[in-house]
Every structure is written in C-alpha cells, then in structure tokens.
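Working through the structure, step by step
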Amino acid sequence: MKYWLKRNSLCKQAVLMLLLLFPLGSLIAQEGITITGVVTDGESQTPLPGVSVVEKGTNNGTATDFDGNYSLELSNANAVLQVSFMGYETQEIEVGGQTEIDITLSPDMGGLDEVVVIGYGTMKKSNVTGSIVSVDQQELTQVPSTNVMESLQGKLPGVDITRSSGQAGAGINIAVRGNRSLTASNSPLFIVDGIQYSNIQDLNPNDIESMEVLKDAASTAIYGSRGANGVIIITTKQGRQGETRVTFNAYAGVSEVTNYPEVQTPMEYANLRREARRATGDWNSPEDDPSIFNDWELDAVNNNGGTVWPDLFLSKGAQQDYQAGVSTATENSRFYVSLNYFNEQGNQRMDELNRYSLRANIDHDINDKITIGTQNQVTYYDQNFHRDPMNIANKINPLLTPYDDEGNVEFQPNNWKDVNPLIDEEPGHYENNNRTTRVFTSAYFDYDILEDLNFRTNLGVTLQNSRTGIYRASETVDRAGQASEAVYQTGNDVGINWENIINYDTEFGGGDHSLTLTGIQSYLSGQNEAQSARGRNQLLDYQLFHSLGNASEQLAIQSNYEETSLLSFTGRVHYSYKDKYIFMATGRGDGASQLSDGNKWAFFPSISGAWRLIEEDFMADTETFTDLKIRASYGVAGNAAVQAYSTQSLLNRIPFGFNEEPAIGYTFGSRIGNTNLGWEISKTYNIGVDFGLLRNRITGTIDVYDTRTDDLLMDRFLPPTSGVRSITENIGATRNRGIEISLNTTPVQQGIVEWNVGLNWFRNKEEIVELATGSNDIANGWFIGEPTQAFYDYEKDGIWQLGQEAEAESYGQEPGEIRVVDQNNDGEIDSNNDRIVLGSPRPDWSGNLTSDLTVGNFDLNIQVFARVGQMMEYEFYDIYDPSGNENSHRHDYWTPENPTNAYPRPNAGRTQGSTQYYSSILYEDASFLKLRNVTLGYTIPKSFLDRVGISKLRVYATGRNLWVKSEVDNYDPERGGAMSNPIPRLLVGGINLEL
C-alpha cells in the first residue's frame with residue numbers, strides 16, 4: 001500500500017481526503033436540542049420499530065425502538081430530520097425548534113410505479129410482461145472501466161460479459177442468454193436515445209440516465225431481426241427544470257499485472273536443455289556442458305548470467321478519466337452538455353488510448369403539443385498499439401542478453417535465430433496508430449395530436465472516419481531483416497436510422513381498463529467504404545507511413561464498398577385490466593437487403609401476459625408479500641447478420657502471364673454466393689415470477705426460458721475440388737435454455753446504517769441440435785449436443801511411468817511420454833475413435849454477490865463474481881519445448897527422478913510437433929472466483945458544503961480485479977487462455993462533485 005501511494009499521488013490525495021474530511025461534520029457544531037417522538041404506519045396506525053431517523057447532512061442518527069419511539073440529540077435546533085424505512089416513503093421534516101414530533105409513514109409503491117424504458121416507449125414496472133432488467137445509474141459508475149458494459153459484469157442475470165484482453169481500450173464479449181448462431185453475429189443490439197448505435201465504448205457512464213436490458217422475445221420482438229440476440233436500451237441525460245446543475249467526475253490510478261505465469265530462469269532453462277540431452281545420451285554431468293552449450297551460453301551458465309525476458313515488458317499502467325457536465329432548463333427548453341477525456345496506458349510500452357468526447361442534448365417545447373429535440377455526441381480516438389512481444393519473450397533463450405557491450409539493443413543477440421523483441425520499441429522502428437472520429441447525431445419531432453394520440457419521428461445519423469497507419473522497419477520482429485513495410489488504411493462509414501412512431505394510449509371503464517396501441521415504420525441503412533495502400537522499402541524510415549509514394553517495392557492499392565438496408569413495419573397492443581391482468585402482442589415485418597430475392601421478408605410475432613396476484617382479494621391480508629406477479633411469453637425473432645453480398649458470387653483479380661506478357665485475369669472468390677439465403681429464426685418461451693417480501697425488504701425475479709433457433713446462417717466448407725472454399729447457407733439448429741435468479745435484500749436499515757445485498761445467478765445450457773451433415777462436423781469443431789464452441793481432442797491420462805513399460809510398449813510408447821485414454825478399449829489409439837469433447841468455453845453457471853454498506857457518510861461497495869464450469873485452451877501450456885532449444889514456463893516435466901504426471905520428458909530428439917498427443921495437455925478448467933471490485937467512499941457533510949457553495953462532494957478509492965481464485969496459478973481465466981495482454985489489477989482514487 002505504501003508503494004502504491006508513493007507511485008500514485010492522486011490516489012494518495014484521495015485517501016488523505018477520506019481521513020481528513022471525516023471529522024468536519026463534528027467540528028461545525030451549533031446549539032442543539034433533543035427531539036423525541038413516535039413513528040407509526042399511516043394505514044394501520046401501528047408503531048414501527050427500526051425506523052431510521054437521521055439529522056440530514058450529518059452522521060447523527062438513531063432508530064426507533066420496539067414501540068416506535070425515538071430520541072435524538074440534534075446539533076442544530078433548525079435541523080431537518082430524514083426518516084426512512086424499507087417499504088415506506090422517505091420523509092424530510094423541518095424541526096423548527098420543536099422538541100417532540102410524531103411521524104406517520106406511508107407505504108412506498110414507488111418501486112411498482114417506477115417507469116422503465118421498453119422498445120419505443122415507457123411503461124410502469126408493474127405492467128411489464130417480458131423479461132427486462134433495469135440498471136440503476138449508480139451501478140453504471142461504481143466500477144471504473146473503459147466500457148460501460150464492463151462495469152456491469154455479473155450484475156445482469158442471463159448476460160455473460162467478459163473482457164477480451166488487458167490491452168488499453170480492449171473490447172468486451174457480451175452474450176445474452178447464450179450463443180444462438182454458429183457464424184452469424186451473436187452480439188446484442190444497442191439502442192441509444194432511440195437510435196441504433198454499435199459503439200457503446202463511446203459513452204461515458206456519467207452521461208447515462210438509465211439502462212434497460214431486454215432478454216426474452218416478447219420484449220425484443222418490437223425490434224424484429226435486430227433484437228434477436230437481446231436489446232440494451234440506453235437513455236442519456238437531459239436538462240431538468242430548476243437551478244443549473246454542474247457536475248464533475250474524475251478518477252485516476254495505476255494498473256499492474258499481478259497474475260502472469262513465470263518462465264524458467266536462465267539456470268532452470270540450462271537444466272531443461274541438460275535433461276533433453278540426457279534423454280538422448282548426449283549429456284550425463286556438468287562436465288558435458290561444453291558439448292551442449294556454445295561459448296557465450298556456457299559463460300552465462302557458469303556466471304549466473306542471462307535475462308528473464310518477460311520482466312522487460314510488463315510494467316505499471318495508468319488510467320484516468322475526467323468528465324464535466326452542465327444541466328439546465330428554461331420554461332420551454334432543456335439542455336445537457338458534457339465533456340469527457342479518458343486515457344489508458346496499458347501494461348506494455350507503446351500501448352495507449354486517448355478518447356475525447358463531447359455530448360449535447362437539447363429539448364424544446366414549441367407549444368403544449370409539439371416538442372423537438374436533438375441528441376449529439378462527437379468522439380475522437382487516438383490509439384497506439386504495440387505488437388505483442390510476450391510470445392517471443394516467453395520462449396527466447398534466457399542465456400541471451402538484449403544489449404551489446406555499449407548498452408545498445410541488439411537486433412539478433414549473438415546472432416541467435418530469434419529477433420530481440422525489444423527492437424520494436426526503439427525510436428522509429430515500429431508504429432501502429434489508429435485515429436477514429438465518430439459523430440452520432442439524432443433529432444426528433446414529437447406531436448401530441450390528441451390527448452391520447454401521439455406521433456413521433458426520429459432521425460439518427462452515425463458518421464465514422466478512421467485512419468490506421470502501420471510502419472515496420474527492417475529491424476523489427478515482423479520484418480526480421482527484410483525490407484521495411486508501410487501500410488495506410490482508411491475507412492468511412494455512414495449509418496442512417498429513420499423511424500416514425502404513432503402511439504394511442506387511453507383508459508376507459510372508470511380507469512379499470514388501459515389500452516396502448518403502437519405502430520412503427522423503420523428504415524435502417526449502412527454504407528461502408530474502406531481503402532488501403534501498402535509499400536515496402538521506404539526511402540526514409542522517419543517518414544513512417546506518411547509518404548508511401550517513396551516506397552520502391554510492392555506498392556499495392558485496394559478499396560472496398562458495402563451497403564445494407566433494412567425496412568420494417570411493426571404493430572403492438574398492450575392491454576391492462578385494473579393493473580391485474582396484463583396482455584401484450586407484437587407483430588413485426590422485416591425486409592433485409594443481404595438476403596435472397598423471395599426470402600428478404602419475414603414476419604416475427606410475439607405474445608405475452610402477466611397476472612399480478614398481489615392485486616387479488618385473497619392476497620389483501622397478506623403481510624408477507626408486497627408484490628407478486630407471474631409472467632409468460634412466446635415470441636419469434638430473426639437474424640440476418642451475415643456478410644453483405646453473401647447471395648452473390650464475387651470475382652477476384654489475379655495477375656498472370658500471356659505469351660510472356662503480363663495480363664490480368666479473374667477468378668471466383670473463396671466464398672460462392674447462395675441465391676436461396678434466408679432468415680435464421682429463433683423461437684423463445686419464457687416464464688417469470690417477480691416478487692417482493694416484507695415491505696420489499698426482499699425483492700427478486702426468477703425466469704426460466706427455452707430458445708430454439710432453426711435455419712442457422714452458417715459458412716459451410718466445400719471440398720477443394722469445387723474451386724471455392726465456402727458458402728453461407730441456412731442449415732442446422734441450436735437450443736439455449738436456462739434459469740435466471742435475481743435477489744435484492746436489505747438486511748440492515750437502522751439509524752445511520754443501511755446494508756443492501758444483491759445476488760444474481762444464472763445457468764444457460766447451449767447446444768447444437770442439428771447440422772448440415774446430420775452428424776458431427778469435426779472440421780469446424782461443431783458437435784451435436786454440445787455448445788457452439790467445444791474442445792475436441794484426446795483425453796490426457798497422465799504420463800507413462802517406470803514399471804509400465806510393457807503396457808506403454810503395446811501402444812508404441814515408453815515411460816516419460818504422454819498417456820491418453822483408450823476410449824473404446826481396443827488396444828490402440830486412433831483419431832476417429834479415441835478423441836472426445838473435453839469441454840467448452842461456455843460456463844455451466846455464473847453468479848455475482850454485491851454488498852453496499854452505508855454508515856453515515858461512508859459507503860462501501862464489494863462485488864464478488866464467479867464463472868464456473870468452462871474450459872480454456874491455455875496458451876501457456878503450449879510454451880514447452882521438449883527439445884530444450886527454446887525456453888518454457890516453469891512446467892513440472894517428467895524425469896526418472898521426478899515421476900510427475902504433468903509434462904512429458906524433455907528429449908532433444910523430439911520437437912513439440914513430434915511429441916505424441918501433445919495437444920491433450922493444453923486444456924484446463926477455467927472456473928474462477930474473483931473479487932471484482934471494492935470501493936470505499938466518503939461524502940462530505942452537507943452542512944459544511946453549503947458554506948462553500950457545493951451541493952455534493954464525494955471522494956472514493958476503488959480497487960478492481962483485486963483477487964482471483966482458480967485452478968490455474970498466476971493467471972486470470974477471464975482472459976480465456978491467451979498469454980498476450982493479461983488483465984491487470986486497477987487501483988484508483990476519484991471524486992464526484994456537484995454544484
């Protein structure tokens with residue numbers, strides 16, 4: 001901790017503020033009084049024990065006794081009492097010098113009356129019939145992260161979120177209720193302020209007002225094919241009536257790789273090489289070292305020299321974020337403007353992301369019927385990428401030293417076969433820079449035609465311009481002494497989303513009946529242009545990729561254009577009787593341009609209903625249930641997310657000679673078109689229960705679902721004799737079924753202490769039901785009855801040991817070699833009968849526990865996340881060279897003196913490729929339990945802030961990825977088995993300021 005504070009002055013200041021500001025509330029004492037009274041239930045007039053009575057803006061508080069009595073000594077006779085109790089509306093009461101105040105609390109129905117955003121509208125939470133999760137704005141900002149969705153990892157039942165790597169600005173993987181498609185997209189749809197938007201990383205969490213996740217077909221059906229993999233709806237902040245509000249949110253901190261396997265030291269590597277030569281009879285004792293090491297290697301061995309290469313690359317990183325927002329309103333207009341700067345420096349040099357963004361939301365009431373508005377965001381990225389050096393650093397000979405006698409980085413130390421991975425970091429040798437500007441702008445026109453009839457039109461445009469420049473000098477890892485290479489790539493993307501919505505909302509029968517009718521016409525278009533230029537042997541290295549015309553070799557220019565469009569018509573009816581019986585039906589027709597003529601259009605219906613049992617007479621006297629609702633739904637969704645022009649056979653240009661003269665010819669592309677390509681169809685059943693217990697002290701949701709997907713959009717491989725490689729077809733079927741449980745409880749709410757606990761758990765069984773061949777497709781790794789991704793290989797059964805020579809010989813092996821299971825017990829091992837499905841990257845279940853504890857002005861958030869039952873192909877297990885030429889990680893390998901069952905015996909006569917069944921050792925259980933987040937915050941007392949003109953000030957310290965428990969030492973399995981860009985630990989300090 002001392003070292004961390006020394007390295008990070010901002011975090012140090014944040015912690016000091018926590019310690020110094022805590023007593024401020026007690027230093028500002030005024031003449032006070034003692035106040036007493038009784039707190040009762042407004043309906044039953046019975047006393048309420050355990051009610052929190054707090055002097056607002058202070059840590060001074062108490063709780064009512066068994067008879068509802070309270071007594072509190074106030075620091076100020078004109079203080080305000082804040083009275084709260086689970087299941088009741090919070091009250092604020094001005095004392096005004098009184099010494100006795102009796103208080104009556106009214107039941108809080110706000111949770112049921114809470115409005116949630118659904119597709120093309122809003123609805124009371126109590127009237128929702130589908131499976132929808134609402135995310136509190138506070139949850140979006142609790143965990144500092146590059147991507148707002150990463151901060152919700154584990155908190156959304158049914159939504160599997162993992163980070164793709166530890167690289168600066170790395171993306172995340174999101175799957176809502178499993179993966180349905182084998183080769184088409186499985187990503188959810190993001191809707192921002194009513195408009196489709198795919199780059200969720202552009203959004204700063206502090207700009208978001210609310211988020212809803214739509215999971216079942218009844219909820220997503222109104223988005224048709226776009227919502228086949230779930231829908232995430234985001235509403236950004238708007239100006240509000242009242243005083244101008246200014247906010248400033250900032251954090252900064254350091255990141256460090258704490259889970260990374262260690263390679264062998266130079267001496268451990270020397271012992272590996274000795275053992276490999278011992279197996280071939282070329283080494284028996286250190287006297288034989290001169291025969292297996294050259295002069296400079298022998299010098300390093302005898303003098304304890306060499307290099308631990310990975311230590312040269314993994315360093316401390318940093319992350320910082322600054323956001324300022326202004327919200328204001330006049331009588332007819334509302335404004336929200338924010339600026340954001342985000343910087344992340346990865347844990348390797350030359351790995352850095354800078355993101356700048358501006359958001360401006362404006363709404364204006366032209367009159368009492370017409371409102372217009374616009375939402376705009378401009379985001380600019382400047383990102384440097386580093387070619388990952390760890391693959392070489394983990395394997396390069398550790399007896400080498402990276403520098404010459406003068407301290408300069410050597411290109412190939414001691415003329416070794418490997419390039420020094422440090423060479424890329426030399427000035428002017430390597431650069432990979434991307435600059436992207438994205439403009440997201442939308443405008444709406446909202447017209448209340450009649451009291452119950454509304455029309456709204458939304459027009460959204462997304463513009464993206466990107467440039468990537470790459471330069472690799474001759475002396476780099478990629479070029480390895482060949483001519484330098486420069487690449488310049490540009491892209492221009494335009495997305496247009498235009499929607500017209502008419503909504504009729506009425507009540508009749510004395511308010512017992514409510515009816516909402518919605519009609520939608522939607523048009524979505526996307527145009528993508530890409531250009532690239534490449535050249536080799538640049539005239540001047542310092543020109544990098546900026547002057548390709550000076551390249552003297554292999555100049556090449558390419559360009560590409562794609563366009564897709566989607567036209568849709570939708571209708572929805574929502575009916576409710578006494579908020580007790582609720583019914584909703586949706587029908588949507590989609591036409592997708594990338595499908596074949598005659599198959600472009602499809603109709604997607606859904607139906608759902610809910611029964612609020614809590615409104616029935618037989619539940620009137622219950623004191624256990626506050627809410628109880630049963631939901632059921634069925635719906636059909638489609639997926640057309642395939643590569644554009646999959647229905648067409650494209651031509652590629654090829655150079656050739658004709659009569660010794662150069663000529664140009666054309667051939668079919670590797671993928672042939674399918675003139676019968678149609679929709680991928682998913683049908684989903686969902687049953688759910690929403691409940692509240694003990695005045696909503698316990699609330700929860702349980703959902704059970706079953707999704708069957710047919711006519712999968714798959715890239716089917718064709719035999720080489722066809723002259724092409726693949727074709728996209730509608731073949732095969734998958735199934736996803738599971739259960740989701742979400743619980744929220746308040747175990748303690750007394751005085752200044754409140755403790756909330758949330759628990760999410762979900763299990764999804766993903767499986768392939770049908771394939772084109774009617775049986776397993778081993779070439780593609782698809783197996784009926786298994787998830788869409790599976791590991792198929794021999795099952796390792798240890799290492800053949802001394803004393804098992806005869807049995808090993810029957811399989812053509814000897815002690816020290818890998819032993820695998822003879823699955824059919826026929827006395828021989830063959831690839832057709834003895835390989836099995838070992839596991840899958842898909843978890844059996846995921847769970848999350850979140851604890852929020854507030855004690856006075858202190859708040860403590862702890863999140864524990866588990867992902868259990870998945871398998872990974874562990875790249876670190878693949879870094880083992882039995883011949884002893886390359887370095888390895890610290891593997892436990894077999895020797896006659898070390899009869900392990902982990903790794904085979906080193907043998908200079910065998911490479912990894914010639915080691916039988918080597919791939920069987922690569923698989924590992926990737927289950928993990930992670931302390932995902934710990935945040936300690938302190939809110940400065942309001943009594944002090946009022947004096948300096950500040951509305952709110954909170955300081956906090958956060959630790960992310962603090963601890964990981966798994967079957968694998970020194971590795972975070974969330975990374976999925978890869979050895980590049982490990983996921984780091986992050987420690988930050990921050991403030992939330994409001995004026």
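Starting from 1, residues in each chain are numbered consecutively following that chain's sequence as written. Only residues with pLDDT of at least 70 get local features here, since the model is predicted, and only at 80 or more are side-chain atom pairs given and counted; chain-wide, interface and lining totals rely on the full set of residues. The basis for every side-chain value is the complete set of non-hydrogen atoms in the structure, without hydrogens or water.

A word on a nonpolar patch on the surface. A grouping of Val326, Val337, Leu339, Leu358 and Val378 is seen on the molecular surface, where their side chains present a nonpolar patch of about 370 Å² in accessible area. Relative to the elements of secondary structure, Leu339 occurs in strand S19 (residues 333–345). Without a salt bridge and with relative accessible area above 30%, a residue can belong to a patch; like charges are then joined within 9 Å and nonpolar side chains (Val, Leu, Ile, Met, Phe, Trp, Tyr) within 5 Å. To measure how exposed things are, a 1.4 Å probe is used in the Shrake-Rupley method; for residues, cover is taken only from the protein chains shown. Each salt bridge in this description consists of a side-chain nitrogen of Lys or Arg and a carboxyl oxygen of Asp or Glu lying within 4 Å of one another. Under the scheme used here, helices are H or I runs from DSSP no shorter than 4 residues and strands are E runs no shorter than 2 residues, and both carry numbers assigned from the N terminus.

Mean pLDDT over the chain stands at 89; residues scoring 70 or higher make up 96%. Predicted confidence for residues 1–30 stays below pLDDT 50, and this span has 41 contacts to residues more than four positions away or in other chains. On a range of 0 to 100, pLDDT expresses the predictor's confidence in each residue. In this analysis, two residues are considered to be in contact whenever any of their non-hydrogen atoms come within 4.5 Å of each other.

Read across the sheet, 3 strands follow the order S4-S1-S7 without closing on themselves; strand pairing throughout is mixed. Every other strand in the sheet has two partners, leaving strand S4 (69–73) and strand S7 (103–105) as the edge strands with one partner each. Across the sheet, the mean angle from the axis of one strand to that of its neighbour is 30 degrees, orientation sign disregarded. Here, any two strands with at least 2 DSSP bridges between them count as paired. Pairing geometry for strand S1 (residues 34–41) and S7, over 3 bridges, is parallel. The residue bridging Thr40 from the neighbouring strand is Thr104, located in S7. Simply put, an axis is a line fit to the C-alpha atoms, just over the touching stretch for a helix, and the angle between two N-to-C directions goes from 0 to 180 degrees.

This part covers the pairing of strand S20 (residues 352–365). Pairing of S19 with S20 involves 13 bridges; the strand directions are antiparallel. Paired with Ser333 across the two strands is His364, which belongs to S20. Between the antiparallel neighbours S19 and S20 lie 6 residues, among them Met350 with a positive phi of about 70 degrees. Across 14 bridges, the pairing between S20 and strand S21 (residues 370–384) is antiparallel. Across the sheet, Ile362 pairs through a bridge with Thr374, a residue of S21. From the end of S20 to the start of S21, which pair antiparallel, there are 4 residues.

As a further point, take the sheet that holds strand S2 (residues 52–55). On the basis of which strands lie adjacent, the open sheet formed by 4 strands has the order S3-S2-S5-S6 and antiparallel pairing. The open sheet has two edge strands, strand S3 (61–63) and strand S6 (91–94), and neither has a second partner. Each strand axis lies, on average, 20 degrees off the axis of its neighbour in the sheet, ignoring direction. Two elements, strand S5 (residues 80–84) and S6, share 4 bridges in a ladder whose sense is antiparallel.

Right, let's get into helix H7 (residues 266–279). Given a rise of 1.5 Å per residue, 14 residues ought to cover 20 Å, and the 20 Å separating the end C-alpha atoms of H7 matches this to within 8%. Relative accessible area decides the class of each residue, using a 1.4 Å probe on protein chains only: under 20% of the type maximum gives buried, over 50% gives exposed, and in between gives partly exposed. For H7, the full list of buried residues reads Pro266, Tyr269, Ala270, Leu272, Arg273, Arg274, Glu275, Ala276 and Arg277. Looking one or two residues past H7, Gly281 carries a phi angle of roughly 80 degrees, positive in sign. In this analysis, the expected span of each helix is defined as 1.5 Å times one less than the number of residues it contains.

Right, let's get into the packing of aromatic side chains. Aromatic pairs are defined between Phe, Tyr and Trp rings, using the six-membered ring for Trp, whenever the two ring centres lie within 6.5 Å; interplanar angles under 30 degrees are classed as stacked, those over 60 as edge-to-face, and all others as tilted. The full count for this structure, using the stated rule, is 26 aromatic pairs. Ring geometry for Tyr874 versus Tyr877: centroids 4.5 Å apart, planes at 75 degrees, classification edge-to-face. An aromatic cluster is built from Tyr260, Tyr874, Phe876, Tyr877, Tyr880, Tyr893, Tyr903 and Tyr971, whose rings are joined through pairwise contacts.

Of all residues except glycine, most have a negative phi; of all peptide bonds, most are trans. At Arg177, a position not held by glycine, the phi torsion is positive, near 55 degrees. Of the residues examined, Arg177 reaches a relative accessible area of 2% and is grouped as buried. The backbone of Asn696 shows a phi angle near 65 degrees, a positive value even though the residue is not glycine. Residue position: Asn696 is located in the loop between strand S33 (680–693) and strand S34 (698–710).

Within helix H9 (residues 295–302) the residues assigned to the buried category are Glu297, Leu298, Ala300 and Val301. With its buried residues spanning 160 degrees around the axis, H9 presents them on a single face. Turned more than 90 degrees off the buried face of H9, the exposed positions are Asp295 and Asn302. Contacts made by the buried residues of H9 are with H7 and helix H8 (289–292). Whenever two N or O atoms come within 3.5 Å, that pair is a polar contact, provided that in protein one can donate a hydrogen and the other can accept it, and provided that, for residues adjacent in sequence, both atoms are side-chain atoms. The N-capping residue of H9, defined by a side-chain oxygen 3.3 Å from the backbone nitrogen of Trp296, is Asn294. Of the residues one or two after H9, Asn304 is the one with positive phi, at around 55 degrees. The directions considered for the arc run from the helix axis to the C-beta atoms.

Before going further, it helps to examine the pattern of salt bridges. What the rule picks out here adds up to 52 salt bridges. Across the pair Asp690 and Arg631 runs a salt bridge whose closest N-O atoms are separated by 3.0 Å. Placement of the pair is Asp690 in strand S33 and Arg631 in strand S29 (residues 625–639), with a sequence separation of 59 residues. As far as burial versus exposure is concerned, Asp690 and Arg631 are alike and both buried. With its nearest N and O atoms 2.2 Å apart, the salt bridge here joins Glu817 to Arg910. A residue pair is termed long-range when its members are at least 10 positions apart, and Glu817 in the loop between helix H11 (805–810) and strand S41 (818–820) and Arg910 in the loop between strand S45 (871–873) and strand S46 (923–925) qualify at 93 residues. Taking the relative accessible area as the measure of exposure, Glu817 reaches 9% and is therefore buried. The class of Arg910 is partly exposed, set by a relative accessible area of 27%. Each member of the salt-bridge network shares a partner with another, and the members are Arg387, Arg472, Asp478, Glu485, Arg534 and Arg536.

For the rest of this paragraph, the subject is the side chain of Gln323. Along the polypeptide, Gln323 turns up in strand S18 (residues 317–329). Polar contacts involving the side chain of Gln323 include one to the side chain of Asp207, which spans 3.0 Å. Of the polar contacts made by the side chain of Gln323, one reaches the side chain of Tyr336; its length is 3.4 Å. In this structure, Gln323 is in contact with Asn204, Asn206, Asp207, Thr247, Phe248, Asn249, Tyr336, Ser338, Leu339 and Asn340, ignoring residues within four places of it in sequence.

The subject of this paragraph is the nonpolar core. Side chains of nonpolar character tend, in soluble globular proteins, to be buried together. We define the nonpolar core as a collection of buried residues of types Ala, Val, Leu, Ile, Met, Phe, Trp, Tyr and Cys that are connected through side-chain atoms lying within 4.5 Å of one another. The biggest cluster of nonpolar side chains holds 39 residues, and the ones touching the most others in it are Ile818, Tyr874, Phe876, Tyr903 and Tyr918. Residue assignment for this core shows that the elements contributing at least two residues are helix H10 (390–393) and S41. Ranked by the residues each element gives to this core, the list is headed by H10, at 3 residues. With residues near it in sequence (within four places) discarded, Tyr874 still touches Pro261, Leu922, Val968, Asp969, Tyr971 and Gly977. Leu152, Val192, Leu203 and Met211 belong to the second-largest nonpolar core, a separate cluster that totals 24 residues.

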